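Per-entry structural report
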Amino acid sequence: MFNISEIKLANFFTQLGTYLKSGLSYQIVFDSLIKLERNSSFKSALVQVSENISSGKTLYQSFTDSPFNKHIPQWELSLIKVGESTGDLDKIFPELVKVHEHNSNFRKRLLRGMLYPMILFHAGAIILPLAILFQGGLVNYLQNVFIILGGLWGLIGLLMSIRFLFNYFGSGEVFDSFIFRIPFNRNFVYSRFFKCLY
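The notes below deal with the structure included here. (Residues numbered from 1 in each chain as written. Predicted model: local features only at pLDDT ≥ 70, side-chain atom pairs only at ≥ 80, totals over all residues. Heavy atoms only, no water.)

The helix and strand inventory of the protein chain stands at 10 helices and 0 strands. In the protein chain, the order of α-helices and β-strands from amino to carboxyl end is α-α-α-α-α-α-α-α-α-α. Within the protein chain, the proportion of its 198 residues that are buried is 28%. For the protein chain, contacts bridging at least 24 residues in sequence account for 48% of all contacts bridging at least 6. Within the structure as shown, the protein chain displays about 12,700 Å² of accessible surface, and the carbon and sulfur contribution to it stands at 64%. (Helix = DSSP H or I, 4+ residues; strand = E, 2+ residues; numbered from the N terminus. Buried < 20%, exposed > 50% of the residue type's maximum accessible area, 1.4 Å probe, protein only. Contact = heavy atoms within 4.5 Å. Areas by Shrake-Rupley, 256 points an atom, 1.4 Å probe, with all protein chains shown as cover.)

What follows concerns the packing of aromatic side chains. The full count for this structure, using the stated rule, is 9 aromatic pairs. Taking the centre distance of 6.5 Å and the plane angle of 65 degrees together, the rings of Phe-12 and Phe-30 count as edge-to-face. On the criterion of sequence distance, the pair formed by Phe-12 in helix H1 (residues 6-21) and Phe-30 in helix H2 (residues 26-36) is long-range, its members being 18 residues apart. Phe-30 gets classed as buried once you look at its relative accessible area, which sits at 0%. Between Phe-12 and Phe-42 the ring centres are 5.5 Å apart and the planes differ by 85 degrees, which places this aromatic pair in the edge-to-face class. With a gap of 30 residues between them, Phe-12 in helix H1 and Phe-42 in helix H3 (residues 40-54) connect regions that are remote in the sequence. Taking the relative accessible area as the measure of exposure, Phe-42 reaches 3% and is therefore buried. Members of the aromatic cluster, joined through ring pairs, are Phe-12, Phe-13, Phe-30, Phe-42, Phe-63, Phe-68 and Phe-93. (Phe/Tyr/Trp six-rings, centres within 6.5 Å; stacked < 30°, edge-to-face > 60°.)

Turning our eyes to something else, we now look at the pattern of salt bridges. Applying the stated criterion to the full structure yields 4 salt bridges. Between Arg-107 and Glu-6 there is a salt bridge; the shortest N-O distance is 3.8 Å. You can see Arg-107 sitting in helix H6 (residues 89-127) and its partner Glu-6 sitting in helix H1, a full 101 residues away along the chain. Residue class for Glu-6 comes out buried when judged on its relative accessible area of 14%. (Salt bridge = Lys/Arg side-chain N within 4 Å of Asp/Glu carboxyl O.)

Ranked by size, the top nonpolar core spans 28 residues in total, and within it Phe-12, Phe-13, Leu-16, Phe-30, Phe-63, Phe-68 and Phe-93 carry the most contacts. Only H1, H2, H3, helix H4 (59-64), helix H5 (74-86) and H6 provide two or more residues apiece to this core. Per-element accounting of this core gives the leading share, 6 residues, to H1. Among residues more than four places away in sequence, those in contact with Phe-12 are Phe-30, Leu-33, Phe-42, Leu-46, Phe-63 and Phe-68. (Core = buried A, V, L, I, M, F, W, Y, C linked by side-chain atoms within 4.5 Å.)

Take a look at the structure:
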């Protein structure tokens, strides 16, 4: 399994749209993309799509029967299928580019929105045990700081590991619904989410 960023997908769809708009066949398009691609995992996925096309499959089927089906949402694949059947793929790909560029920008804004609470938590983890510094010495103080921060990062690491496993086995939505059922977490994420929209 390989990872594809939103920007990588946006660039990929831009290239596909440009090539197809110029009237080139799928086979020529993917041969060109394979030659230009430097990432070995992405290149092997392109090779698989190219082989699927060579065997007579449609572009939609070629994406579905390749590693791309883990990274391109089903609704986008359905749009590709419709665009292929109507001959409007050159109009579909620019719209998909906009979607992935928007997703990328949103993630950046969301991370910026999460930065302030993380700074506050770390500052609190350092400041709150200061009384221990004067009573029990530096060693006790550092132990308490490491316990608080270690607990936070341990929890974050555990959640990220579980999230990775759910994504790997194709059940990311199940994990998301579980996370959003936690009352405090749901309210916190919603508040940061809506703040990032403006």
